[in-house]
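Chain and residue survey
The chain contents come next:
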Amino acid sequence: MTKNAQRLSQVISTFGPGAMVDLPTRSVVIGGLELWDMRSGSFSPIPEPRLVARLEKFLKDQKRLPQTTNLSLRTPPVDHGRPGQMPSYIAAPVFPAWFVCDQVESTGGGLRRRRLVRWQDLDTAGGRRRFVFDDGKKSDTTPIRFVCACKNGHMQDIEWRWILHRSEPCHNSMWIEEKGTSADADDLEVVCGCGKRLAMRQLFIAGLLGDCRGERPWLLDRDPNGCNQPLKLLTRTATNTYFPQVDTVISLPSAEDELTKLVESLSGELANVQSVSDVGPAKRFNSKIKAALDSYPDEEIFARLVRMREGAVAESGGSAKLAEFDVFASGRTEIGQNSPTAKLYAQTLPRDAWLDSGSRLDLSSIKSVVAVHRLRAVSCLYGFTRFEAAPTSADGELEDVGLAVHGAPISQGADWLPATEQFGEGLFIHFDEAAIAGWLAHTETRARHDLLQEGYLNWRKKFAKPPKYPGTAYTLMHSLAHALMTEIALDCGYPSSSLKERVYALHGTDGAPERCGILIYTATAGAQGTLGGLVGTAPRFSQILAGALDRARVCSNDPVCADHEPDDHGGDRATHGAACHGCLLIAETSCEMRNTFLDRNLLVETMSPRCSPFFCFES
């Protein structure tokens, strides 16, 4: 991989349009979809009708996609490295446009001064890597660490000359002056040759940076709707510069005939087919469609396509997790087909295959364990935020963030979204909903529920449109999923960061838990399946569960962790009961809720006097 290349999954999950990336000599912002090289052969359509229907309905309801536009999913452009062929690319404009010279000018008193220069002032003969001083000496440069942005996602360079002089004209040189070795904002000052200076810490004062102009450097334009939000200081390499919004679904098996399977696999290429008369040209101009469907009549192809779309649209109005849970919890001995091309293949294990008769743990609340030998997960990027991550919905509903994130779109009007498909394996655990409902009715559980909900009410104040409270049943299963992932990683050899969760805690209209389960899976791009280590833990599931719960009894930060109550805390800690980095918190790339809504006091008895354990060890 070259220095300026990214993996497909990185473009979707970390470095999508609007994100800043450090290159060896400059910093760039990933360009919007119009700046991606999407010529024929540089990308692949990704067929996933359920996800397309969900996103298309959501974006049209939000008036972010024209009603006549048919959405499709595509991979980011892939560079195949073929000799003599221009490589595929994603254009990334230079940002920020202010640089600091590496050459230090000593001013005495322990102060160091570095020249502040613009991108256009750099030496073009050297590939804009160096700045040439008046005496002919050259200095390498580094992109400045500070930019500014607004809550609408717009981003721009800090107008250094303006913040120093306001309306006073001045054309003197400027420097960044630093003391100490920490490079903290408290140790930095912006200095002008005219004598004006400003401490960097003052840039945190509200209003000092001025109002936003609606600049969108990743789209090379300004927001046509304008913007008058106050600008806030943003450190270029900080984690709060970019929060991608990604929706993921697990592909479900199709129990149809061969033609339906072919049409479903080609649904991306057939996205613009809206009538029988469109099928013929699609065959004529797309060799892949012609090779697969040429022997079938156009009428039958279109009929299968309409049936598939209608089914996807019918599901798009509800949670994506609903259909997935019903498949995993169906109780069928075999789910899907055991073939290399199958999207999903799983087996519901007999109870005696995973239950340890000698276990001291009461496992009557677990209905079934499903070994998922093969699964396909499709993830699609549909927006982003800055400063604060948008809240995540526990029931699988889409967040109110789409192609436009408060005026910060990832494109100017593209009819497709970037996506990746990953293949792997997993383990699904189905809980007895009646047992969970009975546990929720206990006096101790209701008291714990009140504490958790009070913390949620405090946490939700920071959101303009907060998510719904996921429920204490969700917090229970979410906590168990984290405990299990840590234990499974120790048992099967997968690093815990490669494991992911999907928690199903769906409630009925009366608020009672209706569908409860956990899917722990691992998936990688470009490979059919994995090594089988995760599925291999299924026969030992009762021992792994007992080990995970036994570890949850005590945390290295106890008694502080066990006694933590979420009611009066700020930030994400307001959603936590007994949970910290010593016990339940895991890598955020593995967690579907960004490590919120966790409490091991719901799992087992801890040293806290205010716990309500769902699982009990027999003495």
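Bear in mind that the values here come from a model prediction, so they are computed numbers and not experimental data. (Residues numbered from 1 in each chain as written. Predicted model: local features only at pLDDT ≥ 70, side-chain atom pairs only at ≥ 80, totals over all residues. Heavy atoms only, no water.)

1. Describing the side chain of H154
Here is the rule: Numbering of helices and strands starts at the N terminus; helices are DSSP runs of H or I of at least 4 residues and strands are runs of E of at least 2. Polar contacts, as used here, are pairs of N or O atoms within 3.5 Å; protein pairs need one atom able to donate a hydrogen and one able to accept it. Residues neighboring in sequence count only if both atoms are side-chain atoms.
Along the chain, H154 falls in the loop between β9 (146-149) and β10 (155-156). Within the structure, H154 has its side chain in polar contact with the side chain of D223 (distance 3.0 Å).

2. What to know about the confidence of the model for the protein
Heads up, the rule is: Values of pLDDT, ranging from 0 to 100, describe the predictor's confidence in every residue of the model. What makes two residues a contact is simply this: any of their non-hydrogen atoms within 4.5 Å.
Confidence in the prediction for the protein averages 83 pLDDT; 88% of positions are at 70 or higher. Counting contacts from residues 401-405, a segment whose pLDDT is below 50, to residues more than four positions away or on other chains yields 28 contacts.

3. Comments concerning helix α10 (residues 433-440)
How we decide: The buried label applies to any residue whose accessible area, calculated with a 1.4 Å probe on protein chains only, is under 20% of its type's maximum; exposed applies above 50%, and partly exposed to all values in between. Think of it as the arc spanned by the lines of direction from the helix axis to the C-beta atoms.
Among all positions in α10, only E433, I436 and W439 are buried. Considered in projection along α10, the buried side chains sweep an arc of 120° and stay on one side of the axis. N-cap assignment for α10: the residue whose side-chain oxygen lies 3.0 Å from the backbone N of A434 is D432.

4. Quick word on the sheet that holds β9
Selection criterion: Pairing between two strands requires that DSSP report at least two bridges joining them.
One open sheet holds the 3 strands; their spatial order is β10-β9-β16, and the pairing between them is antiparallel. The outermost strands of the open sheet, each flanked by one partner alone, are β10 and β16 (232-235). Where β9 and β10 come together, 2 bridges link them in antiparallel fashion. Bridging across to β10, C148 finds its partner in Q156.

5. Here's the deal with the environment of F131
Position of F131 relative to the elements: it lies in strand β7 (residues 130-132). Separated by 15 residues in the primary sequence, F131 and L116 place their C-alpha atoms 10.0 Å from one another. Those residues within four positions of F131 in sequence are excluded, and the remaining contacts are C101, R115, V117, D121, L122, K137, K138, S139 and T141.

6. Focus on the side chain of H430
Assignment of secondary structure puts H430 in strand β21 (residues 416-431). Residues contacting H430, with those up to four places away along its chain left out, are F325, A329, S365, I366, K367, S368, C516 and G517.

7. As for the nonpolar core
Note the cut-off: Grouping buried Ala, Val, Leu, Ile, Met, Phe, Trp, Tyr and Cys residues that are joined through side-chain atoms within 4.5 Å yields what is termed a nonpolar core.
Ranked by size, the top nonpolar core spans 65 residues in total, and within it F431 and L545 carry the most contacts. Elements represented by at least two residues in this core include exactly β20 (366-385), β21, α10, α11 (443-459), α12 (472-492), β22 (499-507), β23 (513-525) and α13 (541-552). At 11 residues, the largest contribution of residues to this core is made by α12. Sequence-distant contacts of F431, defined by excluding residues within four places in its chain, comprise S365, I366, K367, I436, M477, L480, C516, G517, I518 and F615. With 39 residues, the next largest nonpolar core counts V11, L59, A149 and W416 among its residues.

8. Examining unusual backbone geometry
Looking along the chain, the bond that leaves F95 and enters P96 is cis, with omega of 0°. Within the secondary structure, P96 sits in the loop between β3 (72-74) and β4 (98-101). In this chain, D558 is followed by P559 through a cis amide linkage whose omega measures 10°. When you line up the elements, P559 lands in the segment after α13.

9. Digging into the environment of R573
Residue placement: R573 occurs in the segment after α13. Judged by relative accessible area, R573 falls into the partly exposed class, the value being 33%. Placed 24 residues apart in sequence, R573 and F597 show a C-alpha to C-alpha distance of 8.9 Å. Contact partners of R573, with chain neighbours within four places excluded, come to H564, P566 and A579.

10. Remarks on the packing of aromatic side chains
Worth spelling out the cut-off: For Phe, Tyr and Trp, rings pair up if their centres lie within 6.5 Å, where Trp contributes its six-membered ring, and each pair is then called stacked (planes under 30 degrees apart), edge-to-face (over 60) or tilted (otherwise). In this scheme, the term charge over a ring applies when either NZ of a lysine or CZ of an arginine sits within 6 Å of the ring centre and within 35 degrees of the ring normal.
Under the defined criterion, the tally for this structure stands at 18 aromatic pairs. Between Y469 and F597 the ring centres are 6.2 Å apart and the planes differ by 65°, which places this aromatic pair in the edge-to-face class. Of this pair, Y469 sits in the loop between α11 and α12 while F597 sits in the segment after α13; the two residues are 128 residues apart in sequence, bridging distant segments of the chain. Grouping residues by exposure puts Y469 and F597 together as buried. Counting every residue linked through ring pairs, the aromatic cluster contains F325, F328, F428 and Y504. The positively charged end of R166 is found above the aromatic ring belonging to W162, 4.0 Å away from the centroid.

11. Let's talk about the pattern of salt bridges
As a reminder, the rule being used: Criterion for a salt bridge: a side-chain nitrogen of Lys or Arg within 4 Å of a carboxyl oxygen of Asp or Glu.
Taken as a whole, this structure holds 29 salt bridges when the rule is applied. Across the salt bridge formed by R114 and E178, the nearest N and O atoms sit 3.2 Å from each other. Taken as a pair, R114 in strand β6 (residues 111-118) and E178 in strand β11 (residues 174-178) lie far apart in primary sequence, 64 residues in all. We classify E178 as buried; its relative accessible area is 14%. In this structure, R502 engages E324 in a salt bridge whose closest nitrogen and oxygen atoms are separated by 2.7 Å.

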